[in-house]
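Spelled out, the chains give:
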Amino acid sequence: MSHCNQSICRSRNPAEMCDTAASWQLRADRLTVELNSTRDRLHAEIDRLKQANETLHAAVSCAPMFLWATDKDGKLTLAEGKGLENLGLKPGETVGKSIFEVYSSQRDILENMTGVLAGNDRTWNVREGHFMHEIRSTAQRDSNGQVVGAVGVSTEITERDRAFFTLETANQELEHRLQQQTAVLNAALDESEKKYRNLVETSQELIWSIDIQGLLTFVNSAAKRIYGYEPPEMIGRRFTDFLVPAEKTKQIEIFAQFLARSCIQPQTANSPYETVHIRKDGTPVHLRVNSIVNQGENGAILGLCGTATDISDRKRSEEALQEATDQLLAVLDAVPGLISWISSDLRYIGVNQHLATSFKLSPKSFVGQEINFLDKGSAFGEVIRNFFDSSSQQTWQEIDIEINGCVRNYLIVAQKYHQGTAAVSVGTDITDRKRAEALKNKLICSLQESEHKFRSLYEATSDAVMLLDEKEFFDCNRATLKIFGCSNKTEFYGKHLSEFSPPFQPNGQDSASLATQRMNTAMQTGSCRFDWVHKRLDGSEFSAEILLNAMEINGEKFFQAVVRDITERKRDEEKIKASLAEKDVLLQEIHHRVKNNLQVISSLLKLQSRYIQDSRVSEMLKESQNRVRSMALVHEQLYQSKNLSDIDFAEYIDNLSHNLFQAYEIHAEGVKLETNIAPCSLNIDTAVPCGLIINELVTNSLKYAFTGQTKGKIKIDFTLDKNTVCVLTVSDSGIGFPQDLDYRKARTLGLRLVGSLVKQIRGKIELLETAGTTFKITFSQPKLHS
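Residues numbered from 1 in each chain as written. Predicted model: local features only at pLDDT ≥ 70, side-chain atom pairs only at ≥ 80, totals over all residues. Heavy atoms only, no water.

K.L.:
So what's going on with the overall build of the protein chain? Which residues, and what values?
P.N.:
What the protein chain contains, in helices and strands, is 21 helices and 27 strands. A total of 786 residues make up the protein chain; the buried ones form 35% of that total. Partitioning the intrachain contacts of the protein chain with sequence separation of at least 6 by distance along the chain shows that 47% fall at a separation of at least 24. Element-wise, carbon and sulfur atoms account for 53% of the exposed surface of the protein chain, whose accessible area totals about 48,000 Å². (Helix = DSSP H or I, 4+ residues; strand = E, 2+ residues; numbered from the N terminus. Buried < 20%, exposed > 50% of the residue type's maximum accessible area, 1.4 Å probe, protein only. Contact = heavy atoms within 4.5 Å. Areas by Shrake-Rupley, 256 points an atom, 1.4 Å probe, with all protein chains shown as cover.)

K.L.:
Pulling in residues and values, what's your account of the sheet that holds strand β14 (residues 406-417)?
P.N.:
The strand order β12-β11-β15-β14-β13 describes an open sheet built from five strands, whose pairing is antiparallel. Looking at strand neighbours, the two that pair on one side only are β12 (348-351) and β13 (394-403), the edges of this open sheet. Sheet twist, expressed as the mean angle between neighbouring strand axes with direction ignored, is 25°. Where β14 and strand β15 (residues 422-429) come together, eight bridges link them in antiparallel fashion. (Pairing = 2+ DSSP bridges. Axes fitted to C-alpha atoms, helices over the stretch in contact; angles between N-to-C directions.)

K.L.:
Any chance you could break down the sheet that holds strand β8 (residues 273-278) for me, citing the residues and the numbers?
P.N.:
One open sheet accounts for five strands, arranged β7-β6-β10-β9-β8; its pairing is antiparallel. Two strands bound the open sheet, and with one partner strand each, they are β7 (216-219) and β8. Direction aside, neighbouring strands of the sheet carry axes that sit 35° apart on average. Taken together, the six bridges between β8 and strand β9 (residues 284-295) define a ladder with antiparallel strand orientation. Bridging across to β9, V276 finds its partner in H286. Helix α9 (residues 245-259) rests against β6 (206-211), β8, β9 and β10 (301-310) of the sheet, and its axis sits at about 125° to β8. Each of β8, β9 and β10 touches helix α10 (residues 312-334); the most contacted strand, β9, lies at about 130° to it.

K.L.:
I'd like to hear about the side chain of S425, residue by residue, with values.
P.N.:
As for its placement among the helices and strands, S425 is situated in strand β15. On the accessibility criterion, S425 (1% relative accessible area) is buried.

K.L.:
Break down the packing of aromatic side chains for me, with residues and values.
P.N.:
Applying the stated rule across the entire model yields 16 aromatic pairs. An angle of 65° between the planes, with centres 6.5 Å apart, marks the rings of F359 and F366 as edge-to-face. For F366, a relative accessible area of 1% corresponds to the buried category. Grouping aromatic residues by their ring pairs yields a cluster made of F473, F484, F492, F500 and F542. A cation sits over an aromatic face here: K416 above F387, 5.0 Å from the ring centre. Its guanidinium or amino end placed over the ring of F530, R518 lies 5.1 Å from that ring's centre, counting from NZ or CZ. (Phe/Tyr/Trp six-rings, centres within 6.5 Å; stacked < 30°, edge-to-face > 60°. Lys NZ or Arg CZ within 6 Å of the ring centre and 35° of its normal.)

K.L.:
Run through helix α19 (residues 649-663), naming residues and quoting values.
P.N.:
If you check α19, its first and last C-alpha atoms are 21 Å apart, about what 15 residues at 1.5 Å a residue would give, namely 21 Å. For α19, the full list of buried residues reads F649, Y652, I653, L656, S657, L660, F661 and A663. For α19, the angular spread of the buried residues around the axis is 160°, confining them to a single face. (Expected span 1.5 Å × (residues − 1). Arc of directions from axis to C-beta.)

K.L.:
An account of the packing of helix α20 (residues 684-705) against helix α21 (residues 749-760) is requested, with residue identities and associated values reported.
P.N.:
Relative orientation of the contacting elements α20 and α21 amounts to 155°, with a least axis distance of 9 Å. When the interaxial angle is binned, α20 and α21 end up roughly antiparallel. Judged by the twist between their axes, the crossing of α20 over α21 is left-handed. On the side of α20, the interface is formed by P689, L692, I693, E696, L697 and N700, while α21 contributes G750, L751, L753, V754, L757, V758 and Q760. The class makeup of the residues in the contact of α20 with α21 is nine nonpolar, three polar and one charged. (Parallel < 35°, antiparallel > 145°, perpendicular 65-115°, else oblique. Left-handed = near helix turned anticlockwise from the far one by under 90°. Nonpolar A, V, L, I, M, F, W, Y, C, P; charged D, E, K, R; others polar.)

K.L.:
Account for the nonpolar core, naming residues and giving values.
P.N.:
Counting 39 residues, the largest nonpolar core has F649, I693, I694, V698, F718 and I777 as the members making the most contacts within it. Mapped by element, the contributors of at least two residues to this core are α19, β22 (671-677), α20, β24 (712-721), β25 (725-732), α21 and β27 (773-780). In terms of residues, this core owes the most to one element, α20, which gives 10 residues. Ignoring any residue separated from it by four or fewer positions in sequence, one finds F649 in contact with I677, C680, L682, C690, I694 and F718. A464, L481, M519 and C528 belong to the second-largest nonpolar core, a separate cluster that totals 26 residues. (Core = buried A, V, L, I, M, F, W, Y, C linked by side-chain atoms within 4.5 Å.)

K.L.:
How would you sum up the pattern of salt bridges? Please name residues and give values.
P.N.:
In the structure shown here, the tally under the stated rule is 17 salt bridges. R288 serves as the salt-bridge partner of E274, at 3.7 Å between the closest nitrogen and oxygen. Residue E274 is located in strand β8, and its partner R288 is located in strand β9; the two are separated by 14 residues in the primary sequence. With relative accessibility at 31%, the residue R288 sits in the partly exposed group. A salt bridge links R385 to E382, with the nearest nitrogen and oxygen atoms 3.3 Å apart. One end of the pair is R385 and the other is E382, both in helix α12 (residues 379-389) and three residues apart, which spans about a single turn. (Salt bridge = Lys/Arg side-chain N within 4 Å of Asp/Glu carboxyl O.)

The values reported here are purely geometric and, on their own, carry no functional implication.
Here's what the structure looks like:
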């Protein structure tokens, strides 16, 4: 080789040799630069690895774990970590020991390590004393893939194991309770469904439903009584099959209007309407129908449902009453007397035809006119005025009335009705009788005629009017027979009050003894009014309002009882009570939801503050969160209180102040809170501003009043001055309010907000000159809602 090189070199000329030397020199310089750069990068990588190793070593030393490595015989070549202390080992004494010696108390260590050294990953738990460890291990291989040892990490999971056990126990208990509650709810649901079905099937009202095609999908057993059909005979037929021809068009329009509503429209109450249907035997039946749209869970319209009440009896009664009224008007118009109905404000309600004809006017021209519009100084007007001013229920008097220029003598008999708000006056012309007969005979005849007219009115009234002594009934009008289910008066006469009353009244008192008390009261005061539950001859009961008047004629005492059936009124009162209770529940739910929404806002503000690095903005969010929380407390107390309008101010201030101390626990360390709140209830319009005022003043004290101090005191006082003026004082024992700062012109949001809130409650705020800082707010006690 050397000979060849020498021959080559000898064959080259000196110029070529110079070029070759220069080229090699350039290559050597380039390699030198690359070598230096590679060496610098290698040193940098070595430094980085050293730093990473030191960091890893520090982290492993602080962490509650034990990091280890073994050779293929199981001897420890690495043992690091704070977890060594739990095993009673020291870092310097562990390397070189066998892993089987370290975990000698564990029976499965040999099996697990054998599996790892065989090339399998293993995870198992071991217990050493009071500590539980989780070991994760994997095989360590060389560049040829051969197993040369094992590496693993032992992590303490004592607390996690305890938490898991506690959670498992709580979960089992919760599951048991859930099963019990589910069983109770299922039983209640079955019972409720059974009650509902019994209620539907025993209801005297027809309960029905139809689909969007107008086909009946359900009717209860009342269909048999109302229509004469069994329920299966009606289900599947069109509802129009049971309408009289004149009602079909109207009912189809109503059906179409209901179904024309969109499924997103809210459910609204409909007005009941009356219609006429056809029974199975072809006879008409009058019904009062209530209906509502039947919607599915997704809001889709499925059809209509509702109830129907048979009002045929009422219709017949109304027709009979109208016929009787027409007959009575015909009789009154035919009576040759001046009959008029007058209101307590001394205006005509109406007159009969004879009275209007006597003055050459129509009956309608009297309606609404003052009773003396024909003669300003008439004696009739004075009689009626005095009659209404007195406590008497009836009166009679002879007066002279000028009719068409002729003075006639009339006997005026007046009787109050409608609880004394109106009266009927009957004027009987007694001029001719006075001329023909003596005054005594004329008076007797007039009274007899008057009594006959009163009897007519007595019999025509729709209220039951009865006469009784302390033992039995001895007279009644026709309405009494109808109300109590008697066919004639002989079934009524001679019966005792207890025979038309249940044994006990709704308040639990004995009917007989209670009736005696009412009669004694009427005897002492002249009359008394009360509610009573009566019993008809057929045993059915109804609620009534009774006006009991005590009378004495020729030394004999007896009573007049006016009974009015108030069953419908009682039913309406119960509906109103139920509606009020429902609105109370709704108002509670509204306060609950407002509180929940305010808490959501507070939580959002708290969550947002975690992502803000600016401490000033974070503090502003925290203050806003406390303001929202103070308002949420008001609504929380309202929905938890029996009174949905007024707030227990002492309880509210206690909750608010403790929340503030918890929110500013760093500032509140060493600060004591004292409260002296007089018992008082405030409405929401006053409680919310007062809560925000206290929120701002206490927050300012916690943040600024105790700078440089380790202890302090914040005091909240609330008193009522003569039960008319409220005095709220918030003070602290801190460094005091800055002398050069006017709190009324402060630019900070907190103090400006306090000033605005004090104006809102129409109060006055003062900064008292005391040790520390004391704000005094006075305002008038607000009126509470009834």
